[in-house]
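Fold and geometry: a report
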Amino acid sequence: MPRTLLIALAATLFASSALAQETPTPGGRADLVVQPEPPGLMLGLLTNAPVQLVAGQIYEGLLRYDENLQPLPSLAREWDVSEDGLTYTFRLQEGVTWHDGEPFTSADVLFSANDFLVETQSRHRNTMARVESVEAPDEHSVIFRLKEPFEPLIRSFAFWVMPMVPRHVYEGTDYATNPANDRPIGTGPFKFDNWNRGSSIRLVKNEDYYIEGKPYLDELFYHVIPDGASRAVAYETGEVDILPGGSVENFDVPRLSALDNTCVSDKGREFDSPLSWIWINNRTPPMDDVRFRQAIMYAMDRQFALDVLWNGLGKVATGPIAGTTPFHSEVEPQYPHDPDRARALLDEMGYDGTPLRLLPLPYGETWQRWAEAVRQNLQEVGIPVEIEASDVAGWNQRVSNWDYDLAFTFLFQNADPALGVERNYISSQIQQGNPWNNVEGYSNPRVDELFAEAATAFPAERRQALYDEVQAIVQEEVPVAWLLDLGFPTIYNCQFQDIITTANGLNDSMRDAWIRQ
Amino acid sequence: MLRFVLARLVKAVIILLCITIFNFFLIHAAPGDPAAVMAGEAGDADEAYLQQLRERFGLDKPLPVQLLVYLSHIATLDLGYSYRQGLPVAQLIWDRLPATLLLSGTAFAISLVLGVMAGALAASRQGRISDSLISAFALLFYATPLFWLALMAVVLFSVQLGWLPGFGYESVGSGYTGLARVADIARHLVLPATTLGLFFMAVYVRITRASMLEVGRQDFVRTARAKGLRPGVIQRRHVLRNAILPVVTLAGVQAGQLVGGAVLIETVFAWPGIGRLMFEALSQRDYNLLLGVFVVSSAMVLLFNLITDVLYRIVDPRIRVS
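Residues numbered from 1 in each chain as written. Chains lettered and ligands numbered in written order. Predicted model: local features only at pLDDT ≥ 70, side-chain atom pairs only at ≥ 80, totals over all residues. Heavy atoms only, no water.

Some details on the UniProt feature "domain: Solute-binding protein family" (unreviewed entry) in chain A
Note the cut-off: UniProt positions are given in the numbering used here, feature names are shortened, and annotations may be inferred rather than shown by experiment. By definition, any uninterrupted DSSP run of H or I lasting at least four residues is a helix, any uninterrupted run of E lasting at least two residues is a strand, and each is numbered from the N terminus.
UniProt feature "domain: Solute-binding protein family" (unreviewed entry): in the numbering of this structure it lies at residues 71-414 of chain A. Overall, residues 71-414 of chain A shows 27% helix and 22% strand. The separation of its end C-alpha atoms is 14 Å.

Observations concerning the interface of chain B and chain A
To keep it simple, the criterion reads: We call two residues in contact when some of their heavy atoms are within 4.5 Å. Using a 1.4 Å probe, buried area is obtained as the accessible area two parts lose upon being combined, added over both of them. In what follows, salt bridge is the name for a side-chain nitrogen of Lys or Arg lying within 4 Å of a carboxyl oxygen of Asp or Glu. Residue polarity follows a fixed list, in which Ala, Val, Leu, Ile, Met, Phe, Trp, Tyr, Cys and Pro are nonpolar, Asp, Glu, Lys and Arg are charged, and the others, Gly among them, are polar.
Contacts between the two partners involve 40 residues from chain B and, on the opposite side, 43 residues from chain A. Interface area, chain B with chain A, both sides summed: about 3,500 Å², of which 51% is carbon and sulfur. The interface formed by chain B and chain A contains two salt bridges. One salt bridge in this structure joins Asp391 of chain A and Arg285 of chain B, with 2.8 Å as the shortest N-O distance. Looking at which element gives the most residues to the side of chain B that touches chain A, the answer is helix H2 (residues 34-42) of chain B, with six residues. The class makeup of the residues in the side of chain B that touches chain A is 19 nonpolar, 10 polar and 11 charged.

Concerning the packing of helix H6 (residues 129-143) of chain B against helix H8 (residues 178-216) of chain B
Each pair of packed helices can be summarised by the angle the axes make with each other and by the distance between the axes. Residues and elements named next belong to chain B. We apply this condition: To get an axis, fit a line to the C-alpha atoms, keeping to the stretch in contact for a helix; angles then go from 0 to 180 degrees between the N-to-C directions. The cut-offs work like this: below 35 degrees is roughly parallel, past 145 is roughly antiparallel, 65 to 115 is roughly perpendicular, and the gaps in between are oblique. It is the rotation of the near helix from the far one that decides the hand of a crossing: anticlockwise by less than a right angle makes it left-handed, clockwise makes it right-handed.
Look at H6 against H8: their axes get within 7 Å of each other, and the N-to-C directions meet at 140°. By the angle class used here, H6 and H8 are oblique. Considering the relative orientation of H6 and H8, their crossing is left-handed. Contacts between H6 and H8 involve Asp131, Ile134, Ser135, Ala138, Leu139, Phe141 and Tyr142 on the former and, on the latter, Leu198, Phe199, Met201, Ala202, Val203, Val205, Arg206 and Arg209. Classifying every residue of the contact of H6 with H8 by side-chain character gives 11 nonpolar, one polar and three charged.

Looking at the nonpolar core
Inside soluble globular proteins, nonpolar side chains tend to come together where they are buried. Stated formally: In this text, buried Ala, Val, Leu, Ile, Met, Phe, Trp, Tyr and Cys residues form a nonpolar core when linked through side-chain atoms within 4.5 Å. Note on classification: 1.4 Å probe, protein chains only; a residue is buried when its accessible area is under 20% of the maximum for its type, exposed when over 50%, partly exposed between these limits.
In terms of nonpolar packing, the biggest core is built from 153 residues, with Leu62, Phe144, Trp370 and Met510 of chain A touching the most fellow members. Excluding anything up to four places from it in sequence, Met510 of chain A contacts Ala30, Leu32, Gln57, Phe190, Leu217, Leu220, Tyr222, Ile242 and Ile499 of chain A. Ile27, Met38, Leu71 and Leu92 of chain B belong to the second largest nonpolar core, which has 30 residues in total.

Observations regarding the state of the cysteines
All names here are of chain A. Filter applied, for reference: Throughout, disulfides are identified as pairs of cysteine sulfur atoms within 2.5 Å of each other.
According to the stated counting rule, one finds one disulfide over all chains in the structure shown. Here Cys263 connects covalently by a disulfide to Cys494, the sulfurs 2.1 Å from one another. Taking the sign of the S-S torsion, 115° for the link of Cys263 and Cys494, the bridge is right-handed. Highlighted residues: Cys263 in strand E12 (residues 262-265) and Cys494 in the loop between strand E19 (490-493) and strand E20 (496-497), separated in sequence by 231 residues.

Description of helix H10 (residues 339-349) of chain A
Residue and element names in this part refer to chain A. Quick note on the threshold: Starting at the helix axis, one direction is taken to each C-beta atom, and the arc is that of these directions.
The set of residues buried in H10 consists of Ala342, Leu345, Leu346 and Met349. Seen end-on, H10 carries its buried residues on one side only, within an arc spanning 100°. Opposite its buried face, H10 presents the exposed residues Asp340, Asp347 and Glu348, each directed more than 90 degrees away. For H10, the elements touching its buried residues are helix H8 (290-299).

Observations concerning unusual backbone geometry
Of note, the bond from Pro285 of chain A into Pro286 of chain A is cis; its omega dihedral lies within 30 degrees of zero at 0°. Looking at the element boundaries, Pro286 of chain A is found in the loop between strand E13 (275-280) and H8. Across the junction of Phe458 of chain A and Pro459 of chain A, the peptide omega takes the value 0°, indicating a cis bond. Within the chain, Ala270 of chain B stands out as a residue other than glycine whose phi angle is a positive 50°. With respect to the helices and strands, Ala270 of chain B occurs in the loop between helix H11 (263-268) and helix H12 (274-283).

Observations concerning the pattern of salt bridges
When the charged atoms of two side chains lie near each other, side chains of opposite charge can form a pair. Residue and element names in this part refer to chain A. Tallied over the entire structure, the rule returns 39 salt bridges over all chains. Among the ionic pairs, Asp252 bridges to Arg255, the shortest N-O distance being 3.2 Å. Accessibility expressed as a relative area gives 12% for Asp252, which makes it buried. Exposure remark for Arg255: the relative accessible area of 39% places this residue in the partly exposed category. Sharing partners across several salt bridges, the network here consists of Arg77, Glu78, Arg91, Glu94 and Asp138.

Some remarks on the UniProt feature "transmembrane region" (unreviewed entry) in chain B
Residue and element names in this part refer to chain B. The feature "transmembrane region" (unreviewed entry), as annotated in UniProt, sits at residues 12-30, 101-124, 136-165, 185-207, 243-269 and 289-312 in this numbering. Between the C-alpha atoms that bound residues 185-207 the distance is 32 Å, and the span itself is 100% helix and 0% strand. Within residues 289-312, the helical portion is 100% and the strand portion 0%, while the C-alpha atoms at the span's ends are 34 Å from each other.

Regarding the packing of helix H10 (residues 231-256) of chain B against helix H13 (residues 287-315) of chain B
All names here are of chain B. With their axes 7 Å apart at the nearest point, H10 and H13 run at an angle of 165° to one another. Our classification of the angle between H10 and H13 gives roughly antiparallel. At the point where H10 passes H13, the crossing takes the right-handed sense. Mapping the contact onto sequence places Arg241, Ile244, Leu245, Val248, Thr249, Gly252, Ala255 and Gly256 in H10 and Ser297, Met300, Val301, Phe304, Thr308, Leu311, Tyr312, Ile314 and Val315 in H13. In terms of residue class, the contact of H10 with H13 is made up of 11 nonpolar, five polar and one charged.

Looking at the sheet that holds strand E5 (residues 87-92) of chain A
Residues and elements named next belong to chain A. Filter applied, for reference: Pairing between two strands requires that DSSP report at least two bridges joining them.
The antiparallel open sheet is built from four strands, whose spatial order is E4-E5-E7-E6. With one partner strand each, in any of the chains shown, strand E4 (76-81) and strand E6 (131-138) form the two edges of the open sheet. Each strand of the sheet is rotated relative to its neighbour by a mean of 15°, with strand direction disregarded. Note that E4 and E5 share five bridges and pair antiparallel. Bridge pairing in E5 links Asp80 to Thr89. Sheet strands touched by helix H3 (residues 106-120): E5, E6 and strand E7 (141-146). Its angle to E6, the strand with the most contacts, is close to 165°.

Topic: the packing of aromatic side chains
All names here are of chain A. The line we're drawing: Aromatic rings from Phe, Tyr and Trp, with only the six-membered ring used for Trp, were paired whenever their centres fell within 6.5 Å, and each pair was classed as stacked if the ring planes differed by under 30 degrees, edge-to-face if by over 60, and tilted otherwise. Only when the NZ of Lys or the CZ of Arg is both within 6 Å of the ring centre and within 35 degrees of the ring normal is a charge said to sit over the ring.
What the rule picks out here adds up to 37 aromatic pairs over all chains. Among the aromatic residues, ring-to-ring pairing joins Trp310, Tyr363, Trp367, Trp370, Phe408, Phe410, Phe412 and Phe488 into one connected group. Against the face of Trp195 rests Arg197, its NZ or CZ located 3.8 Å from the ring centre. Lying across the ring of Trp402, Arg283 places its NZ or CZ 3.7 Å from the centre.

Some details on the sheet that holds strand E16 (residues 385-387) of chain A
All names here are of chain A. The strand order E14-E18-E13-E17-E15-E16 describes an open sheet built from six strands, whose pairing is mixed. The sheet terminates laterally at strand E14 (314-316) and E16, the two strands that pair on one side only. The mean inter-strand angle of the sheet, taken between neighbouring strand axes irrespective of direction, is 25°. In the sheet, E14 pairs with strand E18 (residues 480-486) via three bridges, with the strands oriented antiparallel. Counterpart to Lys315 in the pairing with E18 is Asp485. Contacts from H8 reach E13, strand E15 (356-359), strand E17 (406-411) and E18 within the one sheet, and its direction differs from that of E18 by about 30°. Sheet strands in contact with helix H12 (residues 392-400) are E13, E15 and E17, and its direction is about 135° off that of E15.

Structure, rendered in structure tokens:
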């Protein structure tokens, strides 16, 4: 890791601990960057990253999560899971109101879980397929009864996974065209105020927030700045205070981190745990040979990518489950950079030098450079590679239609292997037209069984044993070439305190943020 | 004149229709569609969700049917809804139009006025050092990639000197009103408009200079000199006026592109204009929005072509007579 970044991270940690006991000061505004501009802010309809960043201050879920993904109170103040893992009981906060003044009650939870999100979100539909019923014995209690144990459910109540939407606004309307989508109404610490499209979004303090004294900040401004270099300049000139992870190109991170009064944090991505890999099209030769896929793993210098392209932030991936996701195990075989071993495997299988097409991820310069580095690695062991660049829509189509040999990607783990990992490896997820499922076409009946069993096993210890076995199989068969557990550092003015207090980072932490005078 | 304008307007409508149909098929020929992009952004979409989106947007219908639906909307001046932003296309374009017209218009004025003045000066001092210097500077600005010029302007005037804001249309959250707001917008306008203006200025310098030198060699100029007119008067009244036609042509073409011609500058300076809207619509395959921007910018080109032709007839009486 570059020295400047290490110093910045260390200084940030020191500053955080030294100030831990300080009393927060109310007032002030925070200027953040949001990129790209969100298409809308109704979190029940849209859940992509920029929407989460802004709308996460407007909408809330029943729970928040700490950096170890343990649940914290949010709209639910208490919860209980029955011993058989079939009943989840929540006691809701009292005195919570929507931004239009209406009270928030268990009826809103029922509406959100049973009606709204089932219609709008495929992720939620899959979760609710495991739920027998959702009941509201009184205004401040909700019970989820399951058909069978589903331990990941406890990590399904985050603000963006199951956001609470107001029943009195949406019931009986066309959700997609409801006028409230333009002026979102949530229960969160900040209220929507104004959106100058193409320029900025303004949120203001919710004076009626149910936690006394919070939020501390008066206003949040999210600036839309489409060019990466301009975003870096906006921070340098003090026009923005906080650059969320991924706002600037990686090569700008060390320079910005070294600026006066600048702090850096790699926390707050534990819920997502972005893991990068290269899809390998398992359907066609030579990629259908496990030795070829292993050779790709040995050929790649992933430490180089981590040190040079990612400034040492993140870690080399050790398998299909990211290091910060529950049930991760580091199992053998691991794949250090070993070109000789790669060449030996290629010789053993009789690889004839068929050239491969590599699709970089069209997300900026870092990914383009990474593709070039991988091409060089593969060419060193005798695999000719042609890079075929495209834009986001083109990449989506190529990958969805399995029209590629190798393709860069990164996906979120969504806090549990059953929610964010198994979809990439099980046979039932081999469905053309979707870029986020088992695109590589890997199929192993034992892996299918293990993932299915692990999702419903209870308690967590039983799940761990099953995931250990599945990790060992997949690690051996290399359906995809894992690259890095990605680190997306947040760069910010050190006067800002407590901007990342949960596993979802800036997305749901701004209620705790304050400015040190 | 009225008959001429009416005939041109009818032609313009037919051309606009052809352009729209051509653009419609061109856009749909690009790989991917808005449903796939939006499903991709959702991160966890399945086939049912994709189908849901396609049905909502009417993308499940055959392409000719989609075209007919689109044209029927256009006929009633309805540009449709943006798939991704869920807002009427006309509203999105209308919201961005003032910023773009302000930026492109200012840059256009800078490039035209400075370009013609510098070109005329260079022509009158042909072969001297000032002629070479003007040509060299103009070419330098034109040859430097626009985004680089823009970034360097930001680094110098915004980061190093701190004189001017480096991005945006106005100071966000400042609460300025009235003249204070106008002054604030003007400060934000200086860097992008000047950068864009200097970039385009070179073309006017070159064309004005070349055209004036050519006209300057003609007989009627020699006659004017023989009559004893002062050189300044000859240059202004006789040479420049006759040399201005190519400049008017070029200005007409550039003015037509005011709406969509500043994508790079709008991106670097985070200027909330149409150019960026168009670029984002393209990358997200937001068909309706993209087509809407194309329709508006094509209409602008046709309109300015018409204005150019009318101007020709005013500037040069020979055309009017013929």
